[in-house]
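Close look at the chain arrangement
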Amino acid sequence: MSKKLLVTGSSGLIGSEVCVYFAQQGFAVHGVDNNQRAVFFGPQGDTRWNQQRLATSLKGFSHHELDIRDRAGVLALLKTVKPDVIVHTAAQPSHDRAAAIPYDDFDTNAVGTLNMLEAARQACKDSPFIHMSTNKVYGDAPNKIPLKELETRWDYADPAYVNGIPETFTIDQSTHSLFGASKVASDILAQEYGRYFSMPTCALRGGCLTGPNHSGVELHGFLSYLVKCNLEGREYKLFGYKGKQVRDNIHSLDVARFMFEFASAPRCGEVYNLGGGKDNSCSVLEAFKLAEKFSGKAMKYTYVEQNRTGDHICYYSDLRKMRAHFPKWGLTKSLEQTIQEIVTAWQTRK
Ligand SMILES: NC(=O)c1ccc[n+]([C@@H]2O[C@H](COP(=O)([O-])OP(=O)(O)OC[C@H]3O[C@@H](n4cnc5c(N)ncnc54)[C@H](O)[C@@H]3O)[C@@H](O)[C@H]2O)c1
């Protein structure tokens, strides 16, 4: 009998990649998604195409149309499936959108995660539970690090951060956005179920997670949306920091690979910063150049002086803890390769 994986947010960028990767490792995959992304972001955020892709390409894939806010439904499903591994990626993922829908944001991100963790404790306590958190749990505290301005990007001027932001960085007393606050609640809950109940949980604090299967929209999915604008000749709005704000980008495949390593040798209540690190980082201006290089089209954009509230000026993850705990894991996709794949994916999907 093959092992069972249950993935929430299975039609999204990370969830769908995890479904495919674990299926390739012999898992029977149960996906949970209700296309809430289309409710959050409108038709451009619709993920049904990805659900259909999984249903037609993955043998043994079962889709469960369930809202993770449905506490009784979540408990019943976990008691029926009793998964060997749980990957929880369903979320309201945008910090700008959260301000307009605070109840939906908190109910999905914080309460939905509690529903999943408690159901797991009751149904399959020893199964690894991997929670997708975010670097927004650090709020805008990284902006307090002294910076140096380079020609096309900001960088840390303090040598203490030459490898990026470590997991020990403060999550307190800074501006998070309501999204960051609801994700802090979920991140701490995942840790607590690990520490208090000795469950094999971890919270992965994502940088920019990206890849060809994102349904990128203006409010979420930076590289995917940027490439889409470039291909369609649409104007991209650049908010503040001279366009030199830095994000570290990791391909969804490398995220799924890390999750598999963790599930194979789990630990209790762990936290990891999961991003592309310095090597896969770029500023928005640099991302324009890369998109242009692979599409052959000029990027159209307007600059808006006001930055997004709580937006990081420079953020890249310190990957040393992940590499120390899981030496077999490393990045396999470069930034250039990733952007090239996103360009091809949008050209094909259109
Ligand atoms: N993409 C990024 O740059 C990034 C960065 C840091 C952290 N994260 C985190 O990673 C996770 C996955 O992100 P993603 O980019 O794959 O997001 P995504 O929006 O592509 O996927 C999330 C999926 O969850 C589903 N969903 C949302 N609410 C639901 C609900 N109540 N019930 C059932 N399904 C629901 C959506 O329909 C969507 O298909 C999220 O927790 C997000 O906060 C993402």
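Heads up: the structure comes first, above all this text.
This section reports on the structure supplied with the text. In this text, all values refer to a predicted model and were calculated from it rather than measured experimentally.

A few words now on the site of the ligand. In the vicinity of the ligand, 32 residues are found, and the nearest of them are D33, R37, D67, K183 and G207. G12 has a polar backbone atom sitting 3.3 Å from an oxygen atom of the ligand. D33 is positioned with one of its side-chain polar atoms (N or O) 2.7 Å from an oxygen atom of the ligand. Protein chains bury 97% of the 830 Å² of accessible surface belonging to the ligand in isolation.

This part is about helix α1 (residues 13-24). The first and last C-alpha atoms of α1 sit 17 Å apart over 12 residues, in line with the 16 Å expected at 1.5 Å per residue. A large share of α1 lies buried, amounting to 10 of its 12 residues. L13, I14, G15, S16, E17, V18, C19, V20, Y21 and F22 are the residues of α1 that are buried.

Axis separation between α1 and helix α9 (residues 252-264) bottoms out at 9 Å; the angle between their running directions is 60°. Considering the angle they form, α1 stands oblique to α9. Along this stretch, α1 crosses α9, giving a crossing that reads as right-handed. Residues L13, I14, E17, V18, Y21 and F22 of α1 lie in contact with α9, whose contacting residues are S252, L253, V255, A256, R257, M259, F260 and A263. Counted by class, the contact of α1 with α9 contains 11 nonpolar, one polar and two charged residues.

Let us look at the packing of helix α6 (residues 102-123) against helix α7 (residues 177-197). Running from N to C, α6 and α7 cross one another at 10°; their axes reach a closest spacing of 8 Å. Classified by the interaxial angle, the pair formed by α6 and α7 is roughly parallel. Residues P102, D105, F106, N109, A110, T113, L114, L117, E118 and R121 of α6 pack against L178, F179, S182, K183, A185, S186, L189, A190, Y193 and F197 of α7.

Quick notes on the rules
- Residues numbered from 1 in each chain as written.
- Predicted model: local features only at pLDDT ≥ 70, side-chain atom pairs only at ≥ 80, totals over all residues.
- Heavy atoms only, no water.
- Near = heavy atom within 4 Å.
- Polar contact = N/O pair within 3.5 Å; in protein donor to acceptor, adjacent residues only side chain to side chain.
- Areas by Shrake-Rupley, 256 points an atom, 1.4 Å probe, with all protein chains shown as cover.
- Helix = DSSP H or I, 4+ residues; strand = E, 2+ residues; numbered from the N terminus.
- Expected span 1.5 Å × (residues − 1).
- Buried < 20%, exposed > 50% of the residue type's maximum accessible area, 1.4 Å probe, protein only.
- Axes fitted to C-alpha atoms, helices over the stretch in contact; angles between N-to-C directions.
- Parallel < 35°, antiparallel > 145°, perpendicular 65-115°, else oblique.
- Left-handed = near helix turned anticlockwise from the far one by under 90°.
- Contact = heavy atoms within 4.5 Å.
- Nonpolar A, V, L, I, M, F, W, Y, C, P; charged D, E, K, R; others polar.

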